[in-house]
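Each chain, written out:
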Amino acid sequence: MIFEECKDSVANEPTSGLPIGYSPQKLGGIQSNLMDEGGENLLDLEYTLGCIMGEKLHRRVQSMAAETLKIQQVAEKTGLSIYTLRYYELEGLVAPVTREKNGHRAYSEDDIYSIVFVTKLRAAGMPIADIRRYVELARQGESTAGERLQILEEHKCAVEQQLAELTQHLQVITFKIDYYRNLNEKGHDGC
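Note that the structure is a prediction, hence the values are computed from the model and not measured.

Peer 1: Which parts of the structure should I look at to understand the overall build of the chain?
Peer 2: On a plain count of helices and strands, the chain comes out with 9 helices and 0 strands. When the helices and strands of the chain are placed in sequence order, the string is α-α-α-α-α-α-α-α-α. Scored against the burial criterion, the 191 residues of the chain give a buried share of 26%.

So this is what it looks like as structure tokens:
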């Protein structure tokens, strides 16, 4: 989307040997634009990065430019422990989290979305190996969409089977509850 919009606009720029999409004017402000806390000067940087690197990386840069959260804040927001967040990263269940200069993790909204998605898959009983495979495929881009679809469809079938079994178990429990309620009511009437 963004890539298509800007392809034509940068085609005629004099680049003086610079990568496509870069002009001397744009290069001059990149460092200061990244450091601008007000976010007002990010437009040229976002536009240029979107043109050069594609929309996916563009979203990642936008997310890094936005406010990030520390691990404790993410733990509170997701309901996971700090240990679990570190484990997810260590096991490759989420992409490596950006680090601040002091080495502390700086979570973006994209990171939080990934963590919540992995949490949902785990809660639905997906094995860690399958989640790891899904994440690896997702990092490779859209060319792996078919394989990711297959992983999700297979897991959906497994969840549906579990739901059917649980529904049967629930019916047995409901039957027993009804049986004991009827028995209890008859016992109170003196019969």
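Peer 1: Sorry, what's going on with the nonpolar core here?
Peer 2: When a protein is soluble and globular, its nonpolar side chains tend to lie buried together. By size, the foremost hydrophobic cluster in this structure holds 21 residues, and its most contacted members are Val74, Leu85, Tyr88, Tyr107, Ile115, Val118 and Ile131. When residues of this core are traced back to their parent elements, those giving at least two are α5 (71-78), α6 (82-90), α7 (109-123) and α8 (128-139).

Peer 1: Where do I start with the pattern of salt bridges in this structure?
Peer 2: Two side chains that carry opposite charge are able to pair once their charged atoms sit near each other. One pass over the full model with this rule turns up 7 salt bridges. The closest approach of N and O atoms between Arg105 and Glu89, which form a salt bridge, is 2.6 Å. Taken together, the positions of Arg105 in the loop between α6 and α7 and Glu89 in helix α6 put the pair 16 residues apart, joining distant regions of the chain. According to the relative accessible area criterion, Arg105 is buried, its value standing at 17%. Judged by relative accessible area, Glu89 falls into the buried class, the value being 14%. Ionic pairing is found between Arg132 and Glu91, a salt bridge with its closest N-O pair at 2.8 Å. Highlighted residues: Arg132 in helix α8 and Glu91 in the loop between α6 and α7, separated in sequence by 41 residues. Among the residues examined, Arg132 registers a relative accessible area of 24% and is labelled partly exposed. Where salt bridges share partners, they join Arg133, Glu136 and Glu147 into one cluster.

Peer 1: For this particular structure, what's the right way to read the packing of aromatic side chains?
Peer 2: Note on aromatic pairs: each is described by the distance of the centres and the angle between the planes. Under the counting rule described, the total for this entry stands at 4 aromatic pairs. Summarising the aromatic geometry, the rings of Tyr83 and Tyr87 are spaced 6.5 Å apart at their centres and angled 20 degrees between planes, so their arrangement reads as stacked. Pair noted here: Tyr83 and Tyr87 are both in helix α6, with a separation of 4 residues, about one helical turn. On the accessibility criterion, Tyr83 (62% relative accessible area) is exposed. Owing to a relative accessible area of 28%, Tyr87 belongs among the partly exposed residues under this scheme. Geometrically, the ring pair formed by Phe117 and Tyr134 is tilted, given 5.6 Å between the ring centres and 45 degrees between the ring planes. Note that Phe117 is positioned in helix α7 and Tyr134 in helix α8, a separation of 17 residues in sequence.

Peer 1: Would you mind showing me how to read α7 here?
Peer 2: Three or four residues apart is the spacing at which side chains of an α-helix point the same way, because the helix has 3.6 residues per turn. Taking 1.5 Å as the rise per residue, α7 with 15 residues should run 21 Å; its terminal C-alpha atoms sit 21 Å apart, in good agreement. Turning to α7, its buried residues are Asp111, Ile112, Ile115, Val118 and Leu121. Gly125 sits one or two residues past α7 and shows a positive phi near 85 degrees.

Peer 1: I would appreciate a short explanation of α5 in the present structure.
Peer 2: Considered for burial, the residues of α5 that qualify are Ile71, Val74 and Ala75. Across the axial projection of α5, the buried residues extend over an arc of 105 degrees, all falling on one side. At its buried positions, α5 is contacted by α6 and α7. One or two residues past the end of α5 sits Gly79, with phi positive at roughly 80 degrees.

Peer 1: Before we go on, may I ask you to explain the environment of Glu109 in this structure?
Peer 2: Relative to the helices and strands, Glu109 is located in helix α7. A relative accessible area of 46% means that Glu109 is categorised as partly exposed. Expressed as a C-alpha distance, the spacing of Glu109 and Glu67, which sit 42 residues apart in the sequence, is 8.8 Å.

Peer 1: Explanation requested: a nonpolar patch on the surface in the structure shown.
Peer 2: On the surface, a cluster of nonpolar side chains totalling about 470 Å² of accessible area is made up of Phe175, Tyr179, Tyr180 and Leu183. Its place among the elements puts Phe175 in helix α9 (residues 145-188).

Parameters at a glance
- Residues numbered from 1 in each chain as written.
- Predicted model: local features only at pLDDT ≥ 70, side-chain atom pairs only at ≥ 80, totals over all residues.
- Heavy atoms only, no water.
- Helix = DSSP H or I, 4+ residues; strand = E, 2+ residues; numbered from the N terminus.
- Buried < 20%, exposed > 50% of the residue type's maximum accessible area, 1.4 Å probe, protein only.
- Core = buried A, V, L, I, M, F, W, Y, C linked by side-chain atoms within 4.5 Å.
- Salt bridge = Lys/Arg side-chain N within 4 Å of Asp/Glu carboxyl O.
- Phe/Tyr/Trp six-rings, centres within 6.5 Å; stacked < 30°, edge-to-face > 60°.
- Expected span 1.5 Å × (residues − 1).
- Arc of directions from axis to C-beta.
- Contact = heavy atoms within 4.5 Å.
- Patch = residues over 30% accessible without salt bridge, like charges linked within 9 Å, V, L, I, M, F, W, Y side chains within 5 Å.
- Areas by Shrake-Rupley, 256 points an atom, 1.4 Å probe, with all protein chains shown as cover.

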